[in-house]
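# Chains, contacts and geometry: an overview
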Amino acid sequence: MEVFGFIVGLACGALIPLLVRWYPPATDPQRAPPPPLWACMAAAAVLDAALAWRLGRAARAVPVIVTVPGLLALAWIDARTYRLPRRLVFHTLAIGAVCACVAALAEPPLAQRVVAAAIAAVATSAAIAALWWLSPRGLGFGDVRLQLLLGAICGWVSQLAALRCLMWAFLLGGVASLGLLATRKRQRSDVIAFGPFLISGALLAILWPR
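Conventions and cut-offs
All residue numbers refer to positions counted from 1 along the written sequence of the respective chain. Only residues with pLDDT of 70 or above have their local features reported here, since the model is predicted, and side-chain atom pairs are shown and tallied only from 80 upward, although totals for entire chains, interfaces and linings are computed over all residues. Side-chain numbers come from the whole structure's heavy atoms, not from hydrogens or water. Think of it this way: any DSSP run of H or I at least four residues long counts as a helix, any run of E at least two long counts as a strand, and we number them from the N terminus. To get the radius of gyration, use the C-alpha atoms; to get the globule rule, take the number of residues to the power 0.38 and multiply by 2.2 Å. Three labels apply to residues, based on accessible area from a 1.4 Å probe with only protein chains included: buried if under 20% of the type maximum, exposed if over 50%, partly exposed otherwise in between. Every residue pair with non-hydrogen atoms within 4.5 Å of one another is taken to be in contact. Just so you know, the count uses Lys and Arg for positive and Asp and Glu for negative, and it drops His and the chain ends. A charge is said to be at NZ when it belongs to Lys, at CZ for Arg, at CG for Asp and at CD for Glu. Helix span is expected to be 1.5 Å times the residue number reduced by one. Here a Phe, Tyr or Trp ring, Trp counted by its six-membered ring, pairs with any other such ring whose centre lies within 6.5 Å, and the pair is stacked when the planes are under 30 degrees apart, edge-to-face when over 60, and tilted otherwise. Fitting a line to C-alpha atoms yields each axis, with helices limited to the stretch in contact; the angle taken between N-to-C directions then spans 0 to 180 degrees. In what follows, roughly perpendicular refers to angles from 65 to 115 degrees, roughly parallel to angles under 35, roughly antiparallel to angles over 145, and oblique to any angle outside these ranges. Crossing chirality is assigned from the near helix's rotation relative to the far helix, an anticlockwise turn below a right angle marking it left-handed and a clockwise turn marking it right-handed. Here the term charged refers only to Asp, Glu, Lys and Arg, the term nonpolar to Ala, Val, Leu, Ile, Met, Phe, Trp, Tyr, Cys and Pro, and the term polar to all other amino acids, Gly among them.

## Some points on the overall build of the chain
Check the secondary structure of the chain and you find 10 helices and 0 strands. Secondary structure elements of the chain, listed N to C terminal, follow the sequence α-α-α-α-α-α-α-α-α-α. Scaling as 2.2 N^0.38, a compact globule of 210 residues should have a C-alpha radius of gyration of about 17 Å, and the chain matches this with 16 Å. With respect to the three principal axes, the spread of C-alpha positions in the chain is 50 × 35 × 30 Å. Counting the 210 residues in the chain, one finds 44% classified as buried. A fraction of 76% describes how many contacts in the chain between residues 6 or more apart in sequence connect residues 24 or more apart. Considering the chain, the positive charge centre built from 18 side chains and the negative charge centre built from 7 side chains are found 5 Å apart.

Structure follows, in structure tokens:
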């Protein structure tokens, strides 16, 4: 499975610079500069190989690994424009959902994972929406939409991963924010893109389940 994941990641990683070009943020026409192709292919190949190893069977792994190019493109765009293109979020979610439904048809016991993914998506995005409502300057509504995607991915793997994805995201985001403030690279009033931390938290929750 690791070799399969590596090959899929290597091929799909080549799409990341194209996704960055094709999906500019809707509220800001400024396009992020495309990342280096070699770095995209390497990152996607390593992540997909690790995810395939962690999830084991192809039916469980494919709905997750096909979302990696979209996740990496979203992280790159958000880090440079502070925007998350909603079309890319929903298109990535749709690709993962279709693959999950096909996997459930191939292995009927996985149908319960589809339901679990939907519940986790709604529950975790609702939690982010509540935080956005309480502190709209700290989070953007793009983060709420992104968590719908990440909650679905983590919920497909396990309920524990769906819970831990938020814990990891806020832990990583807090440590990075403190580091930037300590080194005076950011001020307390500056905006920090939270999307990359949400994505990193979701991947860590899947790859490091304990």
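Continuing now.
## A look at helix α10 (residues 195–207)
If you check α10, its first and last C-alpha atoms are 18 Å apart, about what 13 residues at 1.5 Å a residue would give, namely 18 Å. Burial runs high along α10: 10 of the 13 residues are buried. The set of residues buried in α10 consists of Gly-195, Pro-196, Phe-197, Leu-198, Ile-199, Gly-201, Ala-202, Leu-203, Ala-205 and Ile-206.

## Describing the packing of aromatic side chains
A full pass over the atoms with the stated rule returns 4 aromatic pairs. Taking 4.9 Å as the distance between ring centres and 65 degrees as the angle between the ring planes, the aromatic pair formed by Trp-132 and Phe-141 counts as edge-to-face. Its relative accessible area of 39% is what places Phe-141 among the partly exposed residues. Ring geometry for Phe-194 against Phe-197: centres 6.2 Å apart, planes inclined by 40 degrees, an arrangement best described as tilted. Both residues of the pair, Phe-194 and Phe-197, belong to the buried class. Three or more aromatic residues joined by ring pairs form one cluster here, namely Phe-170, Phe-194 and Phe-197.

## Focus on the packing of helix α4 (residues 58–65) against helix α8 (residues 141–157)
With their axes 10 Å apart at the nearest point, α4 and α8 run at an angle of 165 degrees to one another. Compared by their axis directions, α4 and α8 come out roughly antiparallel. Where α4 crosses over α8, the two elements pack in a sense that is left-handed. Seen from α4, the contacting residues are Ala-59, Arg-60, Pro-63 and Val-64; seen from α8, they are Ile-153, Trp-156 and Val-157. Across the contact of α4 with α8, the residue classes break down as 6 nonpolar, no polar and 1 charged.

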